[in-house]
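# Fold and contact review
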Amino acid sequence: MTVSCCDVSVVKTTIDRAANGSSTDENRPLEDNLENRKPRKRFISRRSFLGKTFALGAGTVGAGLLSSIRAAEASSSLSAGDAALLRFPAALEILEADFWIQYNELGGIFDAEVPGGHGNPAYIDALEVIEDEMRDYIHDNTDDEISHHQFLNAYLVSRGAAPANLGAFRTLMGSTATGVNQSKIGRRLTNLTQLTIDTSWWTRYRDDSHNPDLDPNFVFPQAVPTLATNRHTAIPRTDADTSNPNFLQAIANTAAFHFPTIEQGGTSLYAAHTLRATDPEVARILMSIGPTETMHFQTWSDVAGNAPPLTAVDPVTGVSVTFPDLEVEDELFDKALIMPEPCPFLRRSLPIVSIIRPTKTRDAAMTALGFLTAMGLFIGQSQGFFAYMTQLALEADAAKRGF
């Protein structure tokens with residue numbers, strides 16, 4: 001899959017390699033609303049080092065800090081390829097953190113780890129029909145993604161490389177429903193209100209005869225076919241979306257399938273990038289973060305199967321969506337089969353094996369970017385955004401393993 005939304009020739013004049021994507025805006029909303037805090041099973045304060053070390057106000061690394069780091073560690077600077085293999089995931093993690101923060105504001109838990117927002121009671125109720133611990137799961141996934149991009153950007157800087165920076169592209173409206181962080185309205189990176197969700201991962205991980213690496217043209221059936229067409233909202237756009245319980249449940253169901261759809265992409269990307277890394281420490285980072293995405297994926301795969309079967313029509317767009325009952329005896333669709341079935345790998349002459357799929361390295365980053373773009377996650381974004389992301393993807397795909 002490729003991206004045709006921008007002219008790559010203009011990229012080199014628009015990319016800004018001097019800014020730090022780990023701005024306060026991308027990590028922690030400034031307005032902490034702790035009044036509706038749900039008691040946590042645990043509380044561990046994270047990333048205090050980054051919060052104290054980086055100058056984050058304008059989204060840039062302090063010049064003095066950057067120069068001192070580079071002077072101290074110039075001898076261990078990364079190759080351009082290894083830096084690119086980390087910078088593209090850092091950008092994707094910033095994007096993930098952005099939409100997970102939106103989910104958390106409306107349906108998660110608000111504490112010192114992930115402050116901002118104060119929840120939408122009706123949306124929370126609909127999410128908890130699917131999973132009664134949904135708020136905890138959303139909070140923890142949000143916290144994880146924030147930690148990923150903060151670490152990746154900090155590591156890049158520590159090795160004398162430019163971090164990812166998406167601060168200039170925070171222009172999307174987002175939800176205005178009760179519960180959102182009001183200061184973030186019009187300052188989002190991602191669009192959760194016009195999604196086309198490919199749920200073929202559901203059958204891809206249950207199919208024991210096909211692997212997209214070996215069968216690139218095989219079409220895996222969709223778990224929820226109607227989500228793969230038209231545009232659907234995964235969050236209440238306004239309070240009006242919470243007035244119809246059936247439609248609101250469809251919104252929550254859409255979110256439940258969006259969660260694993262996103263996480264399965266990261267699962268494959270980190271595996272593919274690890275195979276291209278030259279620096280052992282870079283490989284260690286990629287192979288250490290990647291499995292956490294897999295843990296997210298399997299958790300959300302299990303949760304999505306609990307989405308109640310229903311049909312609903314969007315009162316704004318007129319689009320219909322149908323969620324089937326996935327408690328079936330068909331091995332391709334049975335919601336209980338959340339562990340990857342063994343499938344062909346490398347060569348068909350070898351026995352089938354349970355694996356992450358796909359893990360091909362060629363065009364892995366561009367494929368990931370194309371997948372997210374086709375999803376509608378970036379509807380409303382600027383030409384500059386697509387140019388920047390495309391350049392990061394091309395640089396990551398150009399990295400070659402070599403010693």
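First, a word on what this report is: a plain description of the structure on this page. Note that the structure is predicted; figures quoted are calculated from it, not measured.

Two numbers describe how helix α6 (residues 121–130) lies on helix α9 (residues 245–274): the axes approach to 9 Å, and their chain directions differ by 60°. Classified by the angle between their axes, α6 and α9 sit oblique to one another. Note that α6 runs across α9; the crossing there is right-handed. Along the contact surface, α6 presents Ala-122, Tyr-123, Ala-126, Leu-127, Val-129 and Ile-130, while α9 presents Leu-248, Gln-249, Ile-251, Ala-252, Asn-253, Ala-255 and Ala-256. Here the residues of the contact of α6 with α9 are counted per class, giving eleven nonpolar, two polar and no charged.

On to unusual backbone geometry. Trans peptide bonds make up the majority, and among non-glycine residues the majority have a negative phi. With omega at -5°, the peptide bond leading from Arg-357 into Pro-358 counts as cis. Examined against the element boundaries, Pro-358 turns out to sit in the loop between β2 (320–323) and α11 (364–375). Positive phi, close to 60°, is recorded for Asn-230, a residue that is not glycine. Along the chain, Asn-230 turns up in the loop between α8 (201–204) and α9. Positive phi is not limited to glycine here, since Leu-346 has a value of about 65°. Topologically, Leu-346 is positioned in the loop between β2 and α11. Assessed through its relative accessible area of 53%, Leu-346 is described here as exposed.

A complete count under the given rule lists ten salt bridges for this structure. Here Asp-241 and Arg-237 are joined by a salt bridge, their closest N and O atoms 2.8 Å apart. Each of the two residues, Asp-241 as well as Arg-237, counts as buried. For Arg-362, the salt bridge goes to Asp-363, with nearest N and O atoms at 3.9 Å. On the basis of relative accessible area, Arg-362 is assigned to the exposed category, the value being 63%. One connected set of salt bridges, linked through shared partners, spans Arg-159, Asp-279 and Glu-281.

How each quantity is defined
Residues numbered from 1 in each chain as written. Predicted model: local features only at pLDDT ≥ 70, side-chain atom pairs only at ≥ 80, totals over all residues. Heavy atoms only, no water. Axes fitted to C-alpha atoms, helices over the stretch in contact; angles between N-to-C directions. Helix = DSSP H or I, 4+ residues; strand = E, 2+ residues; numbered from the N terminus. Parallel < 35°, antiparallel > 145°, perpendicular 65-115°, else oblique. Left-handed = near helix turned anticlockwise from the far one by under 90°. Contact = heavy atoms within 4.5 Å. Nonpolar A, V, L, I, M, F, W, Y, C, P; charged D, E, K, R; others polar. Buried < 20%, exposed > 50% of the residue type's maximum accessible area, 1.4 Å probe, protein only. Salt bridge = Lys/Arg side-chain N within 4 Å of Asp/Glu carboxyl O.

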